[in-house]
Amino acid sequence: MMPALPRQPSTKHMPILPRAEPDPAPMADAVGWRAQLEMEFAERGGRTVLAGKRHYGPLTLQRPFYPEGAPAHLYVLHPPGGLVGGDQVELSAAVGAGAHALITTPGAAKFYRSAGPPATQTQRLSVAPGGVLEWFPQENILFPGANAGLLSEIQLGGDARFIGWEVQCLGRPVIGERFATGSADMGLRIWRDGAPLLIERLRVDGTGSLDGPSGLRGFPVAATFVASGTRAEDLEAVRAQLFRNDLNWSATRVDDLLVARCLAPGSEPVRRLFVALWGILRPRLIGREACPPRIWAT
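What counts as what
- Per chain, residue numbering runs from 1 following the sequence as it is written.
- The predicted nature of this model means local features are confined to residues of pLDDT at least 70 and side-chain atom pairs, given and counted, to a pLDDT of 80 or more, with totals for whole chains, interfaces and linings taken over all residues.
- Based on all heavy atoms of the structure, the side-chain values leave hydrogens and waters out of the count.
- Under the scheme used here, helices are H or I runs from DSSP no shorter than 4 residues and strands are E runs no shorter than 2 residues, and both carry numbers assigned from the N terminus.
- Remark: exposure states derive from per-residue accessible area (1.4 Å probe, protein chains only) relative to the maximum for the residue type, with buried under 20%, exposed over 50%, and partly exposed in between.
- Note on definitions: a residue-residue contact is assigned when non-hydrogen atoms from the two residues lie within 4.5 Å.
- Only the protein chains shown count as cover for residues, and all accessible areas are computed by the Shrake-Rupley method using a 1.4 Å probe.
- Strand pairing requires that DSSP identify at least two bridges connecting the strands.
- Only buried residues count toward a nonpolar core, which is a set of Ala, Val, Leu, Ile, Met, Phe, Trp, Tyr and Cys residues joined through side-chain atoms within 4.5 Å.
- Whenever a nitrogen or oxygen atom comes within 3.5 Å of another N or O atom, the pair is scored as a polar contact, on the condition that within protein one atom can donate a hydrogen and the other can accept it, and that pairs from neighbouring residues in sequence are kept only if both atoms are in side chains.

(A) Just the overall build of the chain, in detail. When helices and strands are tallied, the chain shows three helices and 19 strands. Here the chain holds 298 residues, and 53% of them are scored as buried. The contacts in the chain between residues at least 6 apart in sequence include a share of 73% that link residues at least 24 apart. Looking at the chain as shown, the accessible area adds up to about 13000 Å², and 53% of this sits on carbon and sulfur atoms.

Structure below.
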């Protein structure tokens, strides 16, 4: 049983989360690339604007798009396209009251083989009361022999809305390649007003973690979809997808947080499923029909 977790500081004003040594993805020694990106979003005159941006190294943000009016659509860019041992990527985003940001990436994040220190990716997101953040990165692809640490932490204030997903692809199933060597330590934490809603950790170390009923049951892709502010009828609408989809997945609610998990033979079926769930939940939670980012069609 997981021990009780301490309450976190109040998120009333929701500043950008301070950078701290993440756990379970410890920072490596400074032997590789280091990239940082900090974003702040605010509501100005009925529209969401990028009120602040700071970046260092090969990680930046494309200018906002407004395909549906007030919400801002943004693409996070990492030109190297992949991480090797010792690389460190840190991203933080703070969405203010009344602001609505949708963030995605143009391609998968790749973690290559490492014979030394881990490659780490740390993402800290915060949403103030009345704010909305939709977080839809492409999948993380872990090549055999990779040593990777990934941590995503989301802080919600009051009635903040968050819809997002994470897709971890262990190996390259499209060519029959398995994550037979290497290790990965992946964490997902969601808090509201300092209290934990969801604390998850997945550790993979060779084939022993990939196979068997207590592991990933032989599936190379493990994915999680979450949405806050849901009701019981929202869960029932999502579960109706079970009868129209042959993937190994299910959904539940923790307080008002809807959590769907999926094990799959590839990332593309997961993507289709999660986009379908987003299409069901977005009108219910945000009052807007799904508006896929243009880059998804390229």
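(B) Up close: the pairing of strand β4 (residues 72-77). Counting buried positions along β4 gives five out of six residues, so the element sits mostly inside the fold. Pairing analysis gives two bridges linking strand β3 (residues 60-61) to β4, with the strands arranged antiparallel. Its bridge partner being in β4, Leu-61 is matched across the sheet by Val-76. Relative to strand β7 (residues 100-104), β4 is paired through four bridges, and the arrangement is parallel. Across the sheet, residue Tyr-75 finds its bridge partner in β7, namely Thr-104.

(C) Inspection of the nonpolar core at higher detail. Of all hydrophobic cores here, the largest spans 48 residues; its most connected members are Phe-41, Ile-103, Phe-111 and Ile-190. Of all hydrophobic cores here, the second largest spans 33 residues; its members include Leu-247, Leu-258, Phe-274 and Trp-278.

(D) Region of the structure containing the side chain of Ser-228. As for its placement among the helices and strands, Ser-228 is situated in the loop between β17 (221-227) and α2 (232-239). Of the residues examined, Ser-228 reaches a relative accessible area of 0% and is grouped as buried. One polar contact links the side chain of Ser-228 to the main-chain carbonyl oxygen of Ala-160, over a distance of 3.2 Å. Residue contacts for Ser-228: discarding those within four places in its chain leaves Leu-156, Ala-160, Arg-161, Phe-162, Arg-192, Asp-256, Leu-257 and Leu-285.

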